[in-house]
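Summary of structural features
So the chains spell out like this:
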Amino acid sequence: MGALTLAQILATDQAKAVPVDVPEWPDANGEPGRVWIRVMSVGERDAWELEVVRSPAKGVDDFRTKYLYRVLASDEKGTPLFTDFAQMKNLRGDVCNRLFKVAQKHNDLDEKEVQELGKS
């Protein structure tokens, strides 16, 4: 196994997104819709975790919504699905909760880790 160069690392697919079917959100043809969940960059993850750590006493407003805003994508390239955070506030809670669970797993964030962040 050889050492990697910075150019080799940066040339990899950093967006790695997984598709998730969302039958509750039909496409233009009335077929079940699909979104993608991408992996956050280390900088995005750090920013999100810092927000959680800074708010342990009062919690984080819109915790799941803010997380999903960062990871929901419209395609396999990781293109952000939402460009305005406010657009997400009225989405179905059951659908978003299911997407949040997939996003947690795909981004290697478990409940224990979330609880530990809150204690910091």
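Residues numbered from 1 in each chain as written. Predicted model: local features only at pLDDT ≥ 70, side-chain atom pairs only at ≥ 80, totals over all residues. Heavy atoms only, no water.

Quick word on the overall build of the chain
A count of helical and extended segments in the chain gives five helices and three strands. Sorting the 120 residues of the chain into buried and exposed places 32% on the buried side. Contacts in the chain between residues at least 24 apart in sequence constitute 56% of all its contacts with a sequence separation of at least 6. (Helix = DSSP H or I, 4+ residues; strand = E, 2+ residues; numbered from the N terminus. Buried < 20%, exposed > 50% of the residue type's maximum accessible area, 1.4 Å probe, protein only. Contact = heavy atoms within 4.5 Å.)

Quick word on the packing of aromatic side chains
All chains considered together, the criterion is met by five aromatic pairs. Summarising the aromatic geometry, the rings of W48 and F63 are spaced 5.4 Å apart at their centres and angled 50 degrees between planes, so their arrangement reads as tilted. On the criterion of sequence distance, the pair formed by W48 in helix α2 (residues 42-54) and F63 in helix α3 (residues 63-71) is long-range, its members being 15 residues apart. Ring-pair connections join several aromatic residues into one group, and the members of that group are W48, F63, Y67 and F100. (Phe/Tyr/Trp six-rings, centres within 6.5 Å; stacked < 30°, edge-to-face > 60°.)

Points about the pairing of strand β2 (residues 33-38)
Judged by how many residues are buried, β2 sits mostly within the fold: five of six residues are covered. When strand β1 (residues 17-22) meets β2, the two strands line up antiparallel, connected through six bridges. Looking across to β2, one finds that A17 is bridged to R38. Of the pairings in the sheet, the one linking β2 to strand β3 (residues 72-73) comprises two bridges and is antiparallel in character. Its bridge partner being in β3, W36 is matched across the sheet by A73. (Pairing = 2+ DSSP bridges.)

Observations concerning the pattern of salt bridges
Taken as a whole, this structure holds eight salt bridges when the rule is applied. Residues E51 and R70 are paired through a salt bridge, measuring 3.4 Å at the closest nitrogen-oxygen approach. Here the residue E51 occupies a position in helix α2, and R70 occupies one in helix α3, the gap between them amounting to 19 residues. On the accessibility criterion, R70 (22% relative accessible area) is partly exposed. What you see here is one network of salt bridges that share partners, running through E51, K66 and R70. (Salt bridge = Lys/Arg side-chain N within 4 Å of Asp/Glu carboxyl O.)

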